[in-house]
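Coordinate analysis (summary)
Each chain is listed here by its residues.
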Amino acid sequence: MEIIKKMNIPASVFYDQVMDSVLFDIRKHTGKSLTRKQLNNFEYVKEFSKNSRARIKVEKLVENSSYHFRTSTTKNDFLVQYDIKPLDEKSCEIRYNEKMESYGFLQKMNDAVLGTILMFFKKRQFTKMLKMMEESY
């Protein structure tokens, strides 16, 4: 899934909002208070429920430009990429890319069927989140 959206906020503001969210999530799930400089290649385990957890690894971090991370479970591997391109002092372009690799034939089939149905809702929810970020500026 790829979404490209022009935002009416500076690239630095968007990046700050994403980083604040990432640092909050890490603190919530690990108890560690990190700085942005400590994030590159940082890995942690996030529990979603008693029987569901994932390993999250920050793979690329470039100030005001990129944030890429990988979420790995026993069933899937998700790669999420935020690439931010400043357009001028007050706006930027966000390129969001998400790729998923499923493990095992049944999981691949299940994800192919559900993925097609859920993609519409995911895109709509993500666009809504971007709008909220823009409005909070």
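Summary of the structure given here. Bear in mind the structure is a predicted one, so any value in this text is a computation, not a measurement. (Residues numbered from 1 in each chain as written. Predicted model: local features only at pLDDT ≥ 70, side-chain atom pairs only at ≥ 80, totals over all residues. Heavy atoms only, no water.)

**Looking at the overall build of the chain**
The helix and strand tally for the chain stands at two helices and six strands. Going residue by residue from the N terminus, the α and β elements of the chain occur as β-α-β-β-β-β-β-α. In terms of overall dimensions, the chain is globule-like: its C-alpha atoms have a radius of gyration of 16 Å, near the 14 Å expected for 137 residues. Seen through its principal axes, the chain has C-alpha atoms that stretch 50 × 35 × 20 Å. Counting the 137 residues in the chain, one finds 36% classified as buried. Partitioning the contacts of the chain with sequence separation of at least 6, the portion at a separation of at least 24 is 42%. If the 25 positive side-chain charges of the chain are averaged to one point and the 18 negative ones to another, these points end up 4 Å apart. (Helix = DSSP H or I, 4+ residues; strand = E, 2+ residues; numbered from the N terminus. Rg over C-alpha atoms; globule rule 2.2 N^0.38 Å. Buried < 20%, exposed > 50% of the residue type's maximum accessible area, 1.4 Å probe, protein only. Contact = heavy atoms within 4.5 Å. Lys, Arg positive; Asp, Glu negative; His and termini not counted. Charge placed at Lys NZ, Arg CZ, Asp CG, Glu CD.)

**Quick look at the nonpolar core**
By size, the foremost hydrophobic cluster in this structure holds 31 residues, and its most contacted members are Phe-14, Met-19, Leu-39, Tyr-67 and Tyr-82. Put simply, the parts of the chain that give this core at least two residues each are strand 1 (2–7), helix 1 (11–30), strand 3 (52–62), strand 4 (66–72), strand 5 (76–88), strand 6 (91–102) and helix 2 (105–135). At nine residues, helix 1 tops the list of elements feeding residues into this core. Dropping the residues within four chain positions of it, Tyr-82 is found in contact with Phe-14, Ser-65, Ser-66, Tyr-67, His-68, Phe-69, Arg-95, Tyr-96, Phe-126 and Met-129. (Core = buried A, V, L, I, M, F, W, Y, C linked by side-chain atoms within 4.5 Å.)

**With respect to the pairing of strand 6**
Of the pairings in the sheet, the one linking strand 1 to strand 6 comprises six bridges and is antiparallel in character. Within the sheet, the bridge partner assigned to Lys-5 lies in strand 6 and is Ile-94. Pairing of strand 5 with strand 6, which is carried by twelve bridges, proceeds in the antiparallel orientation. Considered in strand 6, the bridge of Lys-85 is made with Glu-93. (Pairing = 2+ DSSP bridges.)

**Re helix 1**
Its 20 residues place the ends of helix 1 28 Å apart at the C-alpha level, agreeing with the 28 Å of an ideal helix rising 1.5 Å per residue. Buried within helix 1 we find Ala-11, Val-13, Phe-14, Tyr-15, Val-18, Met-19, Val-22, Leu-23, Asp-25 and Ile-26. (Expected span 1.5 Å × (residues − 1).)

**Quick look at unusual backbone geometry**
Trans is the common state for peptide bonds, and a negative phi is the common state for residues other than glycine. Although it is not a glycine, Asn-41 adopts a positive phi angle of roughly 70 degrees. For Asn-41, the position within the fold is in the loop between helix 1 and strand 2 (43–49). On the basis of relative accessible area, Asn-41 is assigned to the partly exposed category, the value being 47%.

**Some points on the pattern of salt bridges**
Inspection of the entire model under this criterion finds ten salt bridges. Of the charged contacts in the structure, one is a salt bridge between Asp-77 and Arg-70, with a shortest N-O distance of 2.5 Å. Look at Asp-77 and you get buried, because its relative accessible area is 9%. Where Glu-98 meets Lys-122, a salt bridge forms, and the shortest distance between an N and an O atom there is 2.5 Å. With a gap of 24 residues between them, Glu-98 in strand 6 and Lys-122 in helix 2 connect regions that are remote in the sequence. (Salt bridge = Lys/Arg side-chain N within 4 Å of Asp/Glu carboxyl O.)

**Here's the deal with the sheet that holds strand 2**
Spatial strand order, 1-6-5-4-3-2: six strands in an open sheet with antiparallel pairing. Both edges of this open sheet fall to strand 1 and strand 2, since each of them pairs with a single strand only. When strand polarity is set aside, the average angle formed by the axes of neighbouring strands in this sheet is 20 degrees. Contacting strand 1, strand 2, strand 3, strand 4, strand 5 and strand 6, helix 1 runs over the sheet at an angle of about 75 degrees to strand 2. (Axes fitted to C-alpha atoms, helices over the stretch in contact; angles between N-to-C directions.)

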